[in-house]
Amino acid sequence: MRVLLKASMDTEKANEAIRNGTLGKLIQEAVEQIKPEAAYFTTENGQRTAFLFFDMQDSSQMPVISEPFFLNLGAKISYTPVMNMEDVQKGLSQLGR
């Protein structure tokens, strides 16, 4: 299932990761592990936030994906099912059957 992972990082922990040079490495490792079809980085509610869109094969992947963000960046994590245009069209074609 295609999902959106939103990781909002604790400011102090992210600041420390920048100071000690590990933030870039942590993000790179996450991207290599998750292999997102798209990854965006911004601020939301005053926190550094990553939006990663990827195909989750099984919900058992959640701890493996989430823990580095929790442990190293004190992140708040959310997973949201999402659709691309093809998925929307497929779903709409099934309405009224």
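Here goes a summary of the coordinates provided. Computed from a predicted structure; not experimentally measured.

The geometry of two aromatic rings is summed up by the distance between their centres and the angle between their planes. Using the criterion set out here, one finds one aromatic pair in the structure. Measuring from centroid to centroid gives 6.4 Å for Y40 and F53, while their planes differ by 80 degrees, and the two rings are edge-to-face. Of this pair, Y40 sits in strand β2 (residues 38-44) while F53 is found in strand β3 (residues 47-55), placing the two residues 13 residues apart along the sequence. Here Y40 falls in the exposed class, since its relative accessible area comes to 51%. Residue class for F53 comes out partly exposed when judged on its relative accessible area of 24%.

Attention now goes to the pairing of strand β1 (residues 2-8). With respect to burial, β1 is a largely interior element, five of its seven residues being buried. The pairing of β1 with β3 spans seven bridges and is antiparallel. Bridge pairing in β3 places L5 opposite L52. Pairing geometry for β1 and strand β4 (residues 76-81), over six bridges, is antiparallel. Residue S8 lies in a different strand from β4, and its bridge partner there is K76.

This part takes up helix α2 (residues 23-34). Here α2 is twelve residues long and its end C-alpha atoms lie 16 Å apart, about the 16 Å a rise of 1.5 Å per residue gives. Three or more residues of α2 are buried, namely L23, L26, I27, A30 and I34. Seen along its axis, α2 keeps its buried residues to an arc of 95 degrees; they face one direction. Those residues of α2 that are exposed and angled more than 90 degrees off the buried face are G24 and K25. Its buried side turned inward, α2 meets β1, α1 (11-19), β2, β3 and α3 (61-73). Looking one or two residues beyond α2, the residue adopting positive phi is K35, at roughly 55 degrees.

Looking now at the nonpolar core. One finds L5, M9, L23, I34, F54, F69 and L73 to be the most contacted residues of the largest nonpolar core, which totals 19 residues. Going through the elements one at a time, β1, α1, α2, β3 and α3 are the ones with two or more residues in this core. For this core, the element with the most residues is α2, which contributes five residues. Contact partners of L23, with chain neighbours within four places excluded, come to M9, A14, A17, I18, R48 and L73.

As enumerated under the stated definition, the model contains five salt bridges in all. Here R2 and E37 are joined by a salt bridge, their closest N and O atoms 3.0 Å apart. Taken as a pair, R2 in strand β1 and E37 in the loop between α2 and β2 lie far apart in primary sequence, 35 residues in all. On the basis of relative accessibility, which here comes to 53%, the residue E37 falls in the exposed class. One salt bridge connects K6 with E44, and the closest N-O pair in it is separated by 2.7 Å. Taken together, the residues K6 in strand β1 and E44 in strand β2 connect sequence positions 38 residues apart. Among the residues examined, E44 registers a relative accessible area of 26% and is labelled partly exposed.

Cut-offs and rules
- Residues numbered from 1 in each chain as written.
- Predicted model: local features only at pLDDT ≥ 70, side-chain atom pairs only at ≥ 80, totals over all residues.
- Heavy atoms only, no water.
- Phe/Tyr/Trp six-rings, centres within 6.5 Å; stacked < 30°, edge-to-face > 60°.
- Helix = DSSP H or I, 4+ residues; strand = E, 2+ residues; numbered from the N terminus.
- Buried < 20%, exposed > 50% of the residue type's maximum accessible area, 1.4 Å probe, protein only.
- Pairing = 2+ DSSP bridges.
- Expected span 1.5 Å × (residues − 1).
- Arc of directions from axis to C-beta.
- Contact = heavy atoms within 4.5 Å.
- Core = buried A, V, L, I, M, F, W, Y, C linked by side-chain atoms within 4.5 Å.
- Salt bridge = Lys/Arg side-chain N within 4 Å of Asp/Glu carboxyl O.

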